[in-house]
Amino acid sequence: MTRHFLRDDDLSPAEQAEVLDLAAAMKKDRYGHRPFAGPQTVAVLFDKHSTRTRVSFAVGIGELGGLPLVIDAGSSQLGRGESVEDTARVLERQVAAIVWRTFGQDRIEAMASASSVPVVNALTDDFHPCQILADLQTVREQFGATAGLTLTYYGDGANNMAHSYLLGGATAGMNVRICAPEGYRPDPAILARAAEIAAETGAEVSVVGDPLEAAAGTHVVTTDTWVSMGQDGKDERVAALMPYQVNAAVLAAADPGAIVLHCLPAYRGLEISAEVLDGPQSRVWDEAENRLHAQKAVLHWLVTRTRETT
Ligand code: CP
Ligand code: NVA
């Protein structure tokens, strides 16, 4: 069976833990894992901007001994209307895995349904699962584990990061709180799926309106841009979300040992104050580095699992 990573719950709790263990091992011995030596090629396609994802996949595939083929999809025939499925049929004959940053989740699902090699979601409008693996690795490094901890996400609770925190955090046994105003709350179907996973892992998911109430007992304070790629209406969004800024008052209401995460790029003075992003509780640079290790681990894991079972 071809294993894909299109959304966070494509990995079971045990599988996610396995991938995170592997990520830690890969970080410890950064140049000692070369399963793609040969080299095997991995295609990395972008329909949207990227700094961290582009760099970490290219560097990581190289460190695995493989060859990264990074393509701006707009300059490929995909950008001129060739179908997603035909693209998959061409790529699968030549590469070990396909990584794609695109818009609708339906597009990456279509790619996966036509591909015999693993497809990895490098961000869609709905999910950003590779980022959450890196975040969970950062949480493990700080606290030694994830289960039983509480993570609170502030701001646009309807975006890809909020949805991935819900699914990926619950899978890791974390209590996930989304603190957002009406109109910016998670997709009810994703919230329900996260609650189902949380019931399995002994965690809880919730949506909270009051920022200080949401901070109580929180170990991980996190946020994301208020205007995701492809969205407009910045003024309206800023006005609605300003009370949900992560700032010193929010952090003071969290657990004293809390850490601050942000997937980046950050907009200081909007979703997060400069003081908090650049302050002593921030772990955002470790988080950005962990993209590399977490993605090397998940790529290796998916390719290995797929080969073992096909
Ligand atoms: N966090 C993240 O995915 O960053 P990029 O958009 O720079 O890849
Ligand atoms: N929610 C953001 C994440 C960027 C890494 C976006 O989709 O633009």
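My aim in this report is to walk through the structure given alongside it, one point at a time. Just so we're clear, the structure is a prediction, and the values are computed from it rather than from any experiment. (Residues numbered from 1 in each chain as written. Chains lettered and ligands numbered in written order. Predicted model: local features only at pLDDT ≥ 70, side-chain atom pairs only at ≥ 80, totals over all residues. Heavy atoms only, no water.)

Looking at the overall build of the protein chain
Formally: Numbering of helices and strands starts at the N terminus; helices are DSSP runs of H or I of at least 4 residues and strands are runs of E of at least 2. Radius of gyration here is computed from C-alpha atoms only, and the compact-globule reference equals 2.2 Å multiplied by the residue count raised to the power 0.38. The contact criterion used is simple: two residues touch if any of their non-hydrogen atoms lie within 4.5 Å. Positive charge is attributed to Lys and Arg, negative charge to Asp and Glu, and no charge count is given to His or to the chain ends. Throughout, a charge is located at the NZ atom of Lys, the CZ atom of Arg, the CG atom of Asp or the CD atom of Glu.
When helices and strands are tallied, the protein chain shows 12 helices and 9 strands. Scaling as 2.2 N^0.38, a compact globule of 310 residues should have a C-alpha radius of gyration of about 19 Å, and the protein chain matches this with 19 Å. Projecting the C-alpha coordinates of the protein chain onto the three principal axes gives extents of approximately 55 × 40 × 35 Å. Once local pairs closer than 6 in sequence are excluded, the contacts in the protein chain between residues at least 24 apart make up 77%. Side chains of the protein chain give 26 positive and 40 negative charges; the mean places of these two sets differ by 6 Å.

Concerning a negative patch on the surface
For the record, the criterion: Patch definition: residues above 30% relative accessible area lacking any salt bridge, with like charges linked at up to 9 Å and the nonpolar side chains Val, Leu, Ile, Met, Phe, Trp and Tyr linked at up to 5 Å. In these tables, accessible area is a Shrake-Rupley quantity obtained with a 1.4 Å probe, and a residue counts as shielded only by the protein chains included in the view. Each reported salt bridge corresponds to a side-chain nitrogen of Lys or Arg within 4 Å of a carboxyl oxygen of Asp or Glu.
A cluster of acidic residues, D106, E109, D126 and D187, forms a negative patch on the protein surface. Inspection of the secondary structure puts D126 in the loop between β4 (119-121) and α5 (129-143).

Some remarks on the pairing of strand β3 (residues 97-101)
For clarity, the cut-off: Exposure is judged per residue with a 1.4 Å probe applied to protein chains only, and the accessible area is read against the type maximum: over 50% gives exposed, under 20% gives buried, and values in between give partly exposed. By the convention used here, strands pair only if DSSP detects at least 2 bridges between them.
Of all 5 residues in β3, 5 are buried, a share of seventy percent or more. Side chains A97, V99 and R101 project from β3 onto one buried face, and the interleaved I98 and W100 project onto a second face that is buried too. Note: strand β1 (residues 41-46) against β3, 5 bridges, orientation parallel. Each bridged residue has a counterpart across the sheet, and for L45 the counterpart in β3 is W100. With 3 bridges joining them, β3 and β4 adopt parallel strand pairing. Each bridged residue has a counterpart across the sheet, and for W100 the counterpart in β4 is N121.

Description of helix α4 (residues 105-113)
What α4 keeps buried is the set Q105, I108, A110, M111 and A112. Where α4 is buried, its residues touch β1, α3 (84-91), β3 and β4.

Observations regarding the sheet that holds strand β8 (residues 220-223)
Here is the rule: The axes used here are C-alpha line fits, helices contributing only the stretch in contact, and every angle between their N-to-C directions lies in the interval 0 to 180 degrees.
Spatially, β7-β6-β5-β8-β9 is the arrangement adopted by the 5 strands of the open sheet, whose pairing is parallel. Each of the sheet's edge strands pairs with one partner strand only, and the pair in question is β7 (205-208) and β9 (259-262). Strand-to-strand twist in this sheet, taken as the mean axis angle between neighbours without regard to direction, amounts to 20 degrees.

A look at the pairing of strand β6 (residues 175-179)
Put simply, the test is: Classification remark: right-handed applies to a crossover when, strands pointing away from the viewer, the course from the first strand over the helix to the second runs clockwise.
In terms of burial, β6 is a largely internal element, 4 of the 5 residues being buried. Looking at chain direction, strand β5 (residues 150-154) and β6 are connected through 5 bridges and run parallel. The residue of β6 that forms the bridge with T152 is R177. Note on the crossover from β5 through helix α6 (residues 160-171) to β6: the handedness is right-handed. Where the polypeptide runs from β6 across helix α7 (residues 188-201) and back to β7, its parallel neighbour, the crossover connection is right-handed.

Scope: geometric values only; no functional claims are made or implied.
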